[in-house]
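Listed below are the residues making up each chain.
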Protein chains: 2
Amino acid sequence: MSDCIFCKIVAGEIPCTRVYEDDQTLVFMDIGPIIKGHMLVIPKQHHDPITETPDDVLGHLIAVVKKIAAAQKKALKCDGCNIIQNNGVCSGQAVPHLHFHVIPRFEKDGHTWNWAAKKYDDMQEMKQLAEAVASALTP
Amino acid sequence: MSDCIFCKIVAGEIPCTRVYEDDQTLVFMDIGPIIKGHMLVIPKQHHDPITETPDDVLGHLIAVVKKIAAAQKKALKCDGCNIIQNNGVCSGQAVPHLHFHVIPRFEKDGHTWNWAAKKYDDMQEMKQLAEAVASALTP
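All figures in this text were calculated on a predicted structure; none of them were measured in a lab. (Residues numbered from 1 in each chain as written. Chains lettered and ligands numbered in written order. Predicted model: local features only at pLDDT ≥ 70, side-chain atom pairs only at ≥ 80, totals over all residues. Heavy atoms only, no water.)

A. Here's a closer look at the packing of helix 2 (residues 55–76) of chain A against helix 2 (residues 55–76) of chain B. Running from N to C, helix 2 of chain A and helix 2 of chain B point in directions that differ by 125°, and their axes come no closer than 8 Å. For the element pair helix 2 of chain A / helix 2 of chain B, the angle class is oblique. Relative to helix 2 of chain B, helix 2 of chain A is oriented so that their crossing is right-handed. On helix 2 of chain B, the residues that touch A:Asp55, A:Leu58, A:Gly59, A:Ile62, A:Ala63 and A:Lys66 of helix 2 of chain A are B:Asp55, B:Leu58, B:Gly59, B:Ile62, B:Ala63 and B:Lys66. When its residues are assigned to classes, the contact of helix 2 of chain A with helix 2 of chain B shows six nonpolar, two polar and four charged. (Axes fitted to C-alpha atoms, helices over the stretch in contact; angles between N-to-C directions. Helix = DSSP H or I, 4+ residues; strand = E, 2+ residues; numbered from the N terminus. Parallel < 35°, antiparallel > 145°, perpendicular 65-115°, else oblique. Left-handed = near helix turned anticlockwise from the far one by under 90°. Contact = heavy atoms within 4.5 Å. Nonpolar A, V, L, I, M, F, W, Y, C, P; charged D, E, K, R; others polar.)

Now the structure itself:
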């Protein structure tokens, strides 16, 4: 897409610090890292959001995500990682071109997510939401 | 694994509020939702972390994640979603059995992640990390 920053990066019109690429995929450094070493895995073709992305594209992307996580572990000696894929402005997605964040994590890196877990009013409320979503599943 | 909470859920030894299942995958409600409707997609076989999980298992899981995100959108009328897969206690992972969080998001749901982006000292620092990880990639 002509007005998409990530498409321009793929096309070489905007520079990036490249980590890996193959026919379908580009991996480059996030310039605003949560933890230094934070990378983005994107499809070269424009897709967005995840619900509009073909399964085979997603399957390849998640295999590259795994490959990057393994290389980060080996090279950076990190203790773990966050894999994050946001959809929609409300979710925190900044660029509307499908991307997976691969964020290396260290035991004392000082970062905590705002994991503010809520509670259901009762089991019935949770069950009704489960049933509503189950009913909307496509085969 | 005998001491794994999610393996016990798969085995039916611990109850869950089920949304979907197939031969390889179980989807159930997170009892501590970030946003109500928050679901977990897990492989029935025990795998952990992502770097030790076969590509074909990951490919199937991400296709189910997409299916769940689409059904949430249809049933809950959410505006977006977060897909999160944490690896290691340092990352925030609470149960060491691979799982993808699928969290429905709404424009005014009041949740914000602690997306505290840092800065590299200079381009050289970022480039060195990229090169170190690129060198550690397995073919």
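B. Representation of the relation of the copies chain A and chain B within the structure. The two copies are related by a screw operation: chain A maps onto chain B through 180° of rotation and 0.0 Å of translation along the axis, at an RMSD of 0.0 Å. The superposition operator between the copies reduces to a two-fold rotation axis. Taken together, the interface assignments show that 100% of the residues at the interface of chain A recur at the interface of chain B, consistent with an identical surface on both copies. (Least-squares fit on C-alpha atoms with pLDDT ≥ 70 in both.)

C. Fine view of the interface of chain A and chain B. Contacts between the two partners involve 78 residues from chain A and, on the opposite side, 78 residues from chain B. Summing both partners gives a buried area of about 6,300 Å² for chain A against chain B, and 66% of it is carried by carbon and sulfur. The interface formed by chain A and chain B includes six salt bridges. Among the salt bridges present, the one from B:Asp55 reaches A:Lys66, with a minimum N-O distance of 2.9 Å. Seen at the junction of chain A and chain B, the total is 30 residue pairs in polar contact (both at pLDDT 80 or more). (Buried area = accessible area lost by both parts, 1.4 Å probe. Salt bridge = Lys/Arg side-chain N within 4 Å of Asp/Glu carboxyl O. Polar contact = N/O pair within 3.5 Å; in protein donor to acceptor, adjacent residues only side chain to side chain.)

D. Structural context of the pattern of salt bridges. Within this structure, the stated rule accounts for twelve salt bridges over all chains. We note a salt bridge from B:Asp121 to A:Lys36, for which the minimum N-O separation is 3.4 Å. Pair noted here: B:Asp121 is in the loop between strand 5 (100–105) and helix 3 (123–135) and A:Lys36 is in the loop between strand 2 (25–29) and strand 3 (39–43), and the two residues belong to different chains. The partner of B:Arg18 in a salt bridge is B:Glu21, with the nearest N and O atoms 3.5 Å apart. Classification of B:Arg18 by relative accessible area gives partly exposed; the value is 46%. Overall, B:Glu21 belongs to the partly exposed group, its relative accessible area being 38%. The network of salt bridges with common partners includes A:Arg18, A:Glu21 and A:Lys44. (Buried < 20%, exposed > 50% of the residue type's maximum accessible area, 1.4 Å probe, protein only.)

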